[in-house]
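# Per-entry structural report
One-letter residues, chain by chain:
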Amino acid sequence: MPDSSLILCDGCGQPASPEHIARRLQRLESTTRYRPIHLHTLLLGAVSPAKDAEFFYSPGEAHSGEAAHLFAAAGIAPENKNTDAMHSEFQRRGLFVTHVLECPLDAASGAATPESAVAERLAALFTRIRRSLKPKRIAFISGSLTPLISKFDSAQLGCELVVNQGHAFALDSSDLAALSVTVTRLRESLAVPAAR
């Protein structure tokens with residue numbers, strides 16, 4: 001049972017310990033540094049990765065998992081580039097990564113499932129997209145967002161929704177062959193200009 005004396009995190013809605021808030025602020029600082037002024041494509045995941053190496057805006061030099069797949073989809077090769085140069089190149093292209101839950105899901109949060117925790121945060125996310133982010137396009141990068149795409153469509157967010165044959169680009173897939181195809185399709189989609 002969550003401690004009722006804890007405050008709720010503004011990035012994920014979970015009860016937040018001082019350690020949770022400290023990690024949230026650290027990740028928020030790294031993320032904000034590379035947010036484009038004119039956001040072309042918002043790459044939206046469901047839940048922020050727990051491992052720093054998989055968190056896209058991690059200042060560490062080694063990226064794996066979701067972060068590595070996103071750099072590959074953007075066509076940014078790590079050879080002879082430090083992390084700052086790679087993030088800056090991503091930013092110049094008007095690309096920005098965020099998640100419905102901006103923090104990793106805490107097992108002690110009390111959420112029945114990750115899907116229910118994500119569904120509970122949609123209204124807050126829609127407000128953030130309309131008022132702050134204002135992207136021209138949203139590309140879904142977590143397979144678990146596929147059943148929620150219709151909610152984004154009906155939310156009238158004022159931007160194009162980019163999908164992979166009606167589904168999210170499942171960069172969280174464990175099927176390596178499918179993942180390779182998905183990264184290629186996302187790269188092709190990022191190369192296409194927005195509709196408006």
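Scroll up a little and you will see the structure.
Notes on the structure follow. Along each chain, residues carry numbers from 1 onward, in the same order as the chain's sequence is written. Reporting in this predicted model follows two pLDDT cut-offs: at least 70 for local features of residues, and 80 or more for side-chain atom pairs to be given and counted; totals over whole chains, interfaces and linings ignore these cut-offs and use all residues. The side-chain values count all of the structure's non-hydrogen atoms but skip hydrogen atoms and water molecules.

### Thoughts on the pattern of salt bridges
Where we set the bar: A pairing counts as a salt bridge when a side-chain nitrogen of Lys or Arg comes within 4 Å of a carboxyl oxygen of Asp or Glu. The numbering of helices and of strands both runs from the N terminus, where a helix is a DSSP run of H or I of at least 4 residues and a strand a run of E of at least 2. Think of it in three bands: with a 1.4 Å probe and only protein chains considered, a residue is buried below 20% of the maximum accessible area for its type, exposed above 50%, and partly exposed in between.
Taken as a whole, this structure holds eight salt bridges when the rule is applied. Here glutamate 102 makes a salt bridge to arginine 128, at a shortest N to O gap of 3.4 Å. Taken together, the residues glutamate 102 in the loop between strand S4 (95-101) and helix H4 (114-120) and arginine 128 in helix H5 (residues 122-133) connect sequence positions 26 residues apart. By relative accessible area, arginine 128 is classed as partly exposed at 22%. One network of salt bridges, with partners in common, ties together Asp10, Arg24, Glu102 and Arg128.

### Here we look at the sheet that holds S4
Defined as follows: Strands were regarded as paired on the criterion that DSSP finds at least two bridges between them. All axes here are fitted lines through C-alpha atoms, helices being fitted over the stretch that makes contact, and every angle between N-to-C directions spans 0 to 180 degrees. A contact between two residues is defined here by any heavy atoms of the two lying within 4.5 Å.
In spatial order, the strands read S4-S3-S5-S6; together these four strands make up an open sheet with parallel pairing. Strand pairing shows two members of the sheet lacking a second neighbour, S4 and strand S6 (160-162), which therefore form its edges. Neighbouring strand axes in the sheet, compared pairwise and without regard to direction, differ in orientation by 30° on average. In the sheet, strand S3 (residues 41-47) pairs with S4 via six bridges, with the strands oriented parallel. Directly across from threonine 41, in S4, lies its bridge partner leucine 95. H5 contacts S3, S4 and strand S5 (137-140) of the sheet and is inclined by roughly 155° relative to S4.

### As for the state of the cysteines
To keep things clear, this is the line we draw: Only a pair of cysteine sulfur atoms within 2.5 Å counts as a disulfide in this structure description.
Overall, the coordinates contain zero disulfides when judged by the stated rule. With no disulfide of its own, cysteine 9 lies 3.6 Å from the sulfur of cysteine 103, the closest cysteine sulfur.

### A closer look at the pairing of S5
Each regular strand displays side chains that alternate between the two surfaces of the sheet. Filter applied, for reference: With strands facing away from the observer, any crossover in which the path from the first strand over the helix to the second runs clockwise is taken as right-handed.
Along S5, one buried face is formed by Arg137 and Ala139 and the opposite face, lined by Ile138 and Phe140, is buried too. Taken together, the four bridges between S3 and S5 define a ladder with parallel strand orientation. Note that in S5 the partner of leucine 44 across the bridge is phenylalanine 140. Two elements, S5 and S6, share three bridges in a ladder whose sense is parallel. Looking at the pairing, arginine 137 lines up with glutamate 160 of S6. A crossover connection joins S5 to the parallel S6 through helix H6 (residues 149-154); in handedness this β-α-β unit is right-handed.

### Comments concerning the environment of leucine 105
Secondary-structure assignment places leucine 105 in the loop between S4 and H4. Separated by 92 residues in sequence, leucine 105 and glycine 13 place their C-alpha atoms 9.9 Å apart.

### A short note on the layout of surface pockets
Unfilled space is identified by rolling a water-sized probe across the atoms. Quick reminder of the rule: Here the term cavity refers to a set of points on a 1 Å grid, laid over the protein atoms alone, in which a 1.4 Å probe fits but cannot get out; the term pocket refers to an open set having protein on both sides within 12 Å along at least five of seven lines, with lining residues being those that place an atom within 4 Å of a point. Grid points are joined across faces, edges and corners, and a volume is the space filled by probe spheres set on the points. Residues are grouped as follows: Ala, Val, Leu, Ile, Met, Phe, Trp, Tyr, Cys and Pro are nonpolar; Asp, Glu, Lys and Arg are charged; every other residue, Gly included, is polar.
The volume enclosed by the largest pocket comes to roughly 350 Å³. Taken together, 18 residues line the largest pocket, and the ones lying closest to its centre are Ala46, Val47, Ser142, Ser144 and Asp172. Secondary structure elements with two or more residues in the lining of the largest pocket: S3, helix H2 (65-73) and H4. Each residue belonging to the lining of the largest pocket can be placed in one class, and the counts come to eight nonpolar, five polar and five charged.

Geometric descriptors of this kind do not, in isolation, establish any biological role.
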